[in-house]
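Working through the structure, step by step
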Amino acid sequence: MENYLRKNFDVQPKRPSEEALLKWRSAVSIVKNPRRRFRMVADLAKRAEAQRKRQKLQEKIRIALCVQKAALHFIAAGNRAEYKLSDEVKQAGFHIEPNELESVSRSHDTKALESLGGLEGLAKKVSISLKDGVVSSHVPVRQRIYGCNKYAEKPSRSFWMFVWEALHDLTLVILMVCASVSIGVGIATEGWPSGMYDGLGIVLCIFLVVLVTAVSDYRQSLQFKDLDKEKKNIIVQVTRDGYRQKISIYDLVVGDIVHLSIGDQVPADGVLISGYSLSIDESSLSGESEPVGITKKRPFLLAGAKVQDGSGKMLVTSVGMRTEWGRLMVTLSEDGDDETPLQVKLNGVATVIGKIGLAFAVLTFLVLTTRFLVTKGMKGMIGQWSMDDAVVLLNFFAISVTIIVVAVPEGLPLAVTLSLAFAMKKLMNDKALVRHLSACETMGSATCICTDKTGTLTTNHMVVHKIWTSGETRTVQSKGNLDELKFSVSETVLDILLQSIFQNTGSEVIKGKDGKNNILGSPTETAILEFGLNLGGDFKVHRSESKILKVEPFNSVKKKMAVLASVSDRGGFRAFCKGASEIILSMCTKIMNSDGKVVALSVDQRRGISSVINGFADEALRTLCLAFKDVNDVSNSDGIPEDNYTLIAVIGIKDPVRPGVKEAVQTCLAAGITVRMVTGDNIHTAKAIARECGILTEDGLAIEGPEIHNKSPEELEALVPRLQVMARSLPLDKHTLVIHLRKHFREVIAVTGDGTNDAPALHEADIGLAMGIAGTEVAKENADVIIMDDNFTTIVNVARWGRAVYINIQKFVQFQLTVNIVALILNFASACISGSAPLKAVQLLWVNMIMDTLGALALATEPPHDGLMKRPPIGNNENFITKIMWRNILGQSIYQLVILAILNFNGKSLLKLSGSDATDTLNTFIFNTFVFCQVFNEINSRDMEKINVIRGIFDSWLFITVMVSTVAFQIVIVEFLGTFADTVPLSGELWLASILAGAGSLIIAAILKCIPVGTQKEAAAVTKNHDGYEALPSGPDLA
């Protein structure tokens, strides 16, 4: 079977090929209900059509942008539409129609913008202040006039749609027809109402199956809907009511002032207010990869574009479906998620078992019919037919169809969806948003996690801990330390230091509604600005003293930020630069002494400063240097100076390791997952933090990123297995490491990232993990999972749930295959030997529901336990149905078949049954025993290796609920619904005997688990190519 599955049902978890997707679809056969079975499978035809629509729309946008670039608007100026202001817009206090506003921004019509009075005129027409932004109380009115920032989505399906879908099961339709005929024939032969009971019993059971199936599917759809909404929710920064604040993208309205920085997605169409070096990537809209510079001459921004460089503010002019991005999003909703490898594999398992089940069903019908005809012929009645004979044949057909219902495990692929939906919901509560279903599965196979340091291993709550300036190092932990610093350095040095802090920043200090200072920006910027405020600096005062002329925003490649500002007190210009210590120090040729005078930086001083930097780093401090350069003339300069700076200070920022990280790293190591730290920090800082986290060991290796490019393939082969820390790494270094680990070492890699430049590594990795707090929208878009709290412990939790999903599906498959084998062989053997089937159609339908929908609910939703992280990762190429599973399946099947066969052929004498109802009582007892065998086998399936299957059972309330519900309904069926289910009430002794016979499977399971499977050689190799299970326990561990 495994070879067949690998050949026809093997797809990659990430970006599967079109050929593989088509191959497994064509290999699927014996499908009872395609609408339900393939509900979570991408429709390739619809996807292709949506792709064509999207390409047409992108081409239209591209042409419009080309026209704008060619400055051809003057041609259309004479034909510009006239918009008459409606009474509704006037009464709302606005002076421009939504359609006119949409037309200006969509066509990038600079002439129209000028005719409206430019930016200031546009702001007046939408009734906002460019300083204070929208008034919050006016938001509902703006949404009514100009629309909400939401895109048209397909309406979610109602519960009754799922009921209708469940009714499309072909076998259930056939059974309903059989039931209808049975009712008609029964009433004609036996009269009302006794003649309708058999058929009505089937109808009621079908109704119950459909209802339970629909409820389960509907709950799944609601979970996916909630997750989908969360995936699309983006937090944007706006100025409202005079304050800068964060709001959901869904709450954005026309007139909002949006703040943009590197990696952000433009949340709506708008016009630039102000910005520095703002560069936009519009490839998602137009397909053009060339970045576009946004300036006063080209001020229009389109929703959906990404900020590639720089920063700025924009005025929102169109939202939602009035933007081109809104129209594109409609086509994107048709794509659907690719099916996961487990879903595809279980479609293959269902196909194989379905074919076997169909063969058994046909054989059972032929055997029953042949025996009936032979018996009729032997009595010389072959030419005499009555309605009773028709009812008998109809029952034979109904039993055969019901065998197909039981034998075709339609629920297998859907169990994967159920398990993933449950895991994703739980992970969402645990601060992990899964964007792609397959990532949940793949994380269970992860062998390596390449993690960032800042914010993931550390708290990201940064404070300036030490500072070196004017030749002295000082600790600045308390107010006393700060006062000492202020008095010990010259006024000139302090003034330049505060200028550098407040001028050279991408963050802002704003007054909150409570009157307190709030800092909006990255944790590093926040720490430095807070330090400046504590030194007595004033953000607004320092910013008003000079005008910022040019800004070079920080990025992970250059590892520095620089600004060029005018200096009011001396009439010149001054460049400020800050960033990675070694880089800034290499740009400096001068230093400020204790008197505040600028002097040449000697070799010894440079060496001493390097020692200070390394000393800070050895204390696990993040180090930055601040520098400045006076510039006399900037008229001939295109950028900000790159050399001859004067060093002001070296700052050491403390970022403590998160609580629980060391334990989480140890958990990974115990689970066979290697943790590698990849950071842009100084190598000394990186090593100190890595040791504290338990990542860097005595025999481990720490290198700097650029070194990886200078190594030969042979050197990398020897180096990479020992590599535990990569410091001063660029995004390209991380990408190179990921490729090497995947291609040469066949590792399954999970990679964290937060910056725009991390996107290639996140895209390349098996599982891309973007940071929810520090991560940019570009990083999140390329990730498979978003870690909402940026915590490494959450990543480990994702791995734990990934393993749980895989193991839970294996448990369910083991349970379902056991039921399949027993039901098929029992009915077929009984048909061949006795000419009747002990399990009737209604009873088989109930058993089908136990093993399908209810079984999936019970086993596929079990929460993970600590034991999952004490075994190696699940191998990519391992058999899904393992030897351990086959041992359990065959052992339990043999036990159940022996018990049921003895009861079927010798049950009356064993149970001392006599009288007219002896046969009915025996058949009811067999049915009851069969059901309890499944109930106890479901408990057995909770752990495929350990004897103690009760441990942790009460942690899964869903499992307990399913067990209690199954037993309760079984009692109702046997004791009260006998007329419909072909059962009779059982005595207390017979109930006890049924339960004990079922409970015997617990003893059988314990014995089976003592039987070793596989050879010693395979057991020894288990750590290298593991099949998802730990070594067979022995001694005390057996319990």
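Structure's up top.
Below is a summary of the structure that appears in this document. (Residues numbered from 1 in each chain as written. Predicted model: local features only at pLDDT ≥ 70, side-chain atom pairs only at ≥ 80, totals over all residues. Heavy atoms only, no water.)

**Points about the environment of H259**
Worth spelling out the cut-off: A helix here means a DSSP run of H or I that spans at least four residues, while a strand means a run of E at least two residues long, and both kinds are numbered starting from the N terminus. Only heavy atoms enter the contact rule, under which two residues are in contact if any of them lie within 4.5 Å. By the criterion applied in these results, polar contacts are pairs of N or O atoms within 3.5 Å in which, for protein atoms, one can donate a hydrogen and the other can accept it, and in which residues neighboring in sequence qualify only through two side-chain atoms.
With respect to the element layout, H259 can be found in strand β3 (residues 257-260). Distance in space between the C-alpha atoms of H259 and L200 is 66 Å, their sequence separation being 59 residues. Filtering out sequence-adjacent residues up to four positions away, H259 remains in contact with Q237, V238, T239, R244, D264, G312, K313 and E508. Within the structure, H259 has its side chain in polar contact with the side chain of T239 (distance 2.7 Å).

**Quick word on the pattern of salt bridges**
The cut-off we apply is this: Salt bridges are counted wherever a side-chain nitrogen of Lys or Arg sits within 4 Å of a carboxyl oxygen of Asp or Glu. Exposure classes here rest on a 1.4 Å probe applied to the protein chains alone. A residue is buried below 20% of its type maximum, exposed above 50%, and partly exposed in between.
Under the counting rule described, the total for this entry stands at 28 salt bridges. Of the charged contacts, one joins K486 and D483 as a salt bridge, the two residues approaching to 3.8 Å between their closest N and O atoms. Here K486 pairs with D483, and both are found in helix α20 (residues 479-488), just three residues apart, close to one helical turn. The exposure class assigned to D483 is partly exposed, which follows from its relative accessible area of 25%. For the salt bridge of E764 with R742, the shortest nitrogen-to-oxygen distance reads 3.1 Å. Here E764, found in helix α30 (residues 759-764), pairs with R742, found in helix α29 (residues 731-745); they are 22 residues apart in sequence, far enough to count as distant. We classify R742 as partly exposed; its relative accessible area is 25%. Bridged by salt links that share partners, the residues E552, K558, K560 and E642 form one connected network.

**Comments concerning the packing of aromatic side chains**
Quick note on the threshold: Each Phe, Tyr or Trp ring, with Trp reduced to its six-membered ring, pairs with another whose centre is within 6.5 Å; inter-plane angles below 30 degrees give stacked pairs, above 60 give edge-to-face pairs, and intermediate values give tilted ones. Two limits define a charge over a ring: the Lys NZ or Arg CZ must be within 6 Å of the ring centre, and within 35 degrees of the ring normal.
Taken as a whole and judged by the stated rule, the model has nine aromatic pairs. Aromatic rings pair up to connect F159, W160, F162 and Y218 into one cluster. Over the ring of F162 we find R157; its NZ or CZ atom is 4.8 Å from the centre of that ring. The ring of F959 carries R942 above its face, with NZ or CZ at 5.6 Å from the centroid.

**Some points on the side chain of T340**
Here T340 shows up in the loop between α15 (324-332) and α16 (341-378). For T340, a relative accessible area of 0% translates into the label buried. In this structure the side chain of T340 is engaged in a polar contact, spanning 2.4 Å, whose partner is the side chain of E441. Once residues within four sequence positions are removed from consideration, T340 is found in contact with V11, V416, L420, L437, S438 and E441.

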